[in-house]
Amino acid sequence: MKITRNRYQQGSIRKVPRAKGFAWEYRYYVTADGKRKLRVQTFNGKLYGTEADVRRAVGASVPRLNDATPYTPPVAVTFGALLDRYIAEEMPPRKSTSDSYTSIIKNHLRPRWGNMVLSDIRPALIHSWFQSLKLQPVSKGHVRSLMRLLFDRATLWEYLPLERRNPLELVKIKKVTKRSKEPVVITHEQFRAVVPKLPAHVNMIAVVAGCLGLRVSEALGLKWSDIDWKKRIITIQRSAYRGAIEDTKTLSSAARLPLDPALAILIERWRLECKSERESESDPEPEWVFANPSTGMPYLSPSLQQRWVRPAGESLGITGLGFHSLRHSYRSWLDAAGATPGVTKDLMRHSAIGQSFEYGRAMSEDKRVANTKVVKALLGGPKKKRRRK
């Protein structure tokens, strides 16, 4: 009787010559259809100068090669290998989130911890590192949150023992909930002074964002089909962020909002302007409310903000004005309009704005009244025809 013995494999590494330089081959076995088959993974010698570099790179994959073995000895997995697996398997699909995580990994986590073995990363080391980081407390909080998530994944993937406490639980960031600077909030009069300084497309984005309290990504994500002209309702159901079309930031952000007649007139006028700018009548109408004529897709907000919005604010003595300032301002405008906490929560589309705002859903007519007061305060001045620059 033939006895089959489960074997724990680390894989073998050998150096192989190339026409220019050399490469490393990492050789290991997998079981497919009841048979063991050899697999080879190649590493560029210019990027991985030593065998130890290759061993660190494959460290995270070794436990997976031995899932079927009853005994799995501890493997010295590096933090860099953990990062590689997280990026490959767990990176959030939302572009804004993945961009933020990628930046944190590239600029902070990999340079400091990439070559360290996970079990050697102790709370005292992490605490000392955070104290040396030249970042605002809020930014440190973002780094800590991602790092804590990574150590949770390390335990899930059995790179660390289950009984070991997550080291980030012991590391606290002071003043992480305190803003380093107050958000920019403008008055109705300042809003009416800013928007005429903007070119037509930026003007209209600002008007829609200001009158509805939208994030700029939500304003740019609007399609003409989202507007019900008869019922005077506008539906927020997607966002456009740096070329990526995604769901809204949260479930609460997706909602139907009242469309005030004064704002509806401006949006309809904008639609006619967009139609008139088509090269020929046979060209299809754009599906996006704020489509860049050059691409047919929504504008990119960072360039609009830096080129137009911020300078417009500075010309009036408002430092740091951005699209999100309009959302902060919308909250204060609702307060000035006498909106109840429940109405404010619904119009802001927050899941919560503190305990005092958890008063249940507001009636549609109440939301219309509160929103109409804000729109009239913003658009109450004389209308001037805008030109696209």
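None of these values were measured; they are calculated from a predicted model. (Residues numbered from 1 in each chain as written. Predicted model: local features only at pLDDT ≥ 70, side-chain atom pairs only at ≥ 80, totals over all residues. Heavy atoms only, no water.)

(A) Expanded view of the overall build of the chain. The helix and strand tally for the chain stands at 14 helices and eight strands. Expressed as a percentage of the 389 residues in the chain, the buried residues total 43%. Within the chain, residue pairs in contact and separated by at least 24 positions form 59% of the contacts whose partners lie at least 6 positions apart. (Helix = DSSP H or I, 4+ residues; strand = E, 2+ residues; numbered from the N terminus. Buried < 20%, exposed > 50% of the residue type's maximum accessible area, 1.4 Å probe, protein only. Contact = heavy atoms within 4.5 Å.)

(B) Structural context of the side chain of Thr-248. Mapped onto the fold, Thr-248 is located in the loop between strand 7 (244-246) and strand 8 (255-258). A distance of 2.9 Å separates a polar atom in the side chain of Thr-248 from the backbone oxygen of Thr-250. Leave out the neighbours within four places in its chain, and Thr-248 touches Arg-94, Ile-236, Gln-237, Arg-238, Ser-253 and Ala-254. (Polar contact = N/O pair within 3.5 Å; in protein donor to acceptor, adjacent residues only side chain to side chain.)

(C) Quick peek at the sheet that holds strand 4 (residues 227-228). Strand order in the open sheet made by the three strands is 4-5-8, with antiparallel pairing throughout. The sheet is open, and its two borders are formed by strand 4 and strand 8, each paired with just one other strand. The sheet contact formed by strand 5 (residues 233-236) and strand 8 spans four bridges and is antiparallel. Bridge pairing links Ile-234 to Leu-257 in strand 8. (Pairing = 2+ DSSP bridges.)

(D) Fine view of the side chain of Lys-140. Positionally, Lys-140 belongs in helix 6 (residues 137-156). For Lys-140, a relative accessible area of 15% translates into the label buried.

(E) Spotlight on the nonpolar core. By size, the foremost hydrophobic cluster in this structure holds 58 residues, and its most contacted members are Ile-205, Val-207 and Phe-290. Looking at which element gives the most residues to this core, the answer is helix 8 (residues 200-212), with ten residues. In contact with Val-207, not counting residues within four places along its chain, are Phe-191, Val-195, Leu-263, Leu-266 and Leu-379. Judged by nonpolar contacts, the second largest core, of 29 residues, contains Leu-82, Trp-113, Tyr-159 and Val-171. (Core = buried A, V, L, I, M, F, W, Y, C linked by side-chain atoms within 4.5 Å.)

(F) Up close: the pattern of salt bridges. What the rule picks out here adds up to 16 salt bridges. We note a salt bridge from Glu-246 to Arg-94, for which the minimum N-O separation is 3.8 Å. Here Glu-246, found in strand 7, pairs with Arg-94, found in the loop between helix 3 (79-89) and helix 4 (95-113); they are 152 residues apart in sequence, far enough to count as distant. For the pair formed by Glu-246 and Arg-94, the shared burial category is buried. If you follow the salt bridges from partner to partner, you end up with Arg-14, Glu-25 and Arg-27 in one network. (Salt bridge = Lys/Arg side-chain N within 4 Å of Asp/Glu carboxyl O.)

(G) Spotlight on the confidence of the model for the chain. On average, residues of the chain carry a pLDDT of 84, and 86% of them reach 70 or more. By mean pLDDT, helix 2 (residues 62-65) is the weakest element of the chain at 70, and helix 8 is the strongest at 95. (pLDDT = per-residue confidence, 0-100.)

(H) A look at the packing of helix 8 against helix 12 (residues 323-336). Put simply, helix 8 and helix 12 touch, their axes get as near as 8 Å, and they point 35° apart. Viewed along their axes, helix 8 and helix 12 form a crossing whose handedness is right-handed. On helix 12, the residues touching Val-202, Ile-205, Ala-206, Ala-209, Gly-210, Cys-211 and Leu-212 of helix 8 are Phe-323, Leu-326, Tyr-330 and Trp-333. Split into classes, the residues belonging to the contact of helix 8 with helix 12 amount to ten nonpolar, one polar and no charged. (Axes fitted to C-alpha atoms, helices over the stretch in contact; angles between N-to-C directions. Left-handed = near helix turned anticlockwise from the far one by under 90°. Nonpolar A, V, L, I, M, F, W, Y, C, P; charged D, E, K, R; others polar.)

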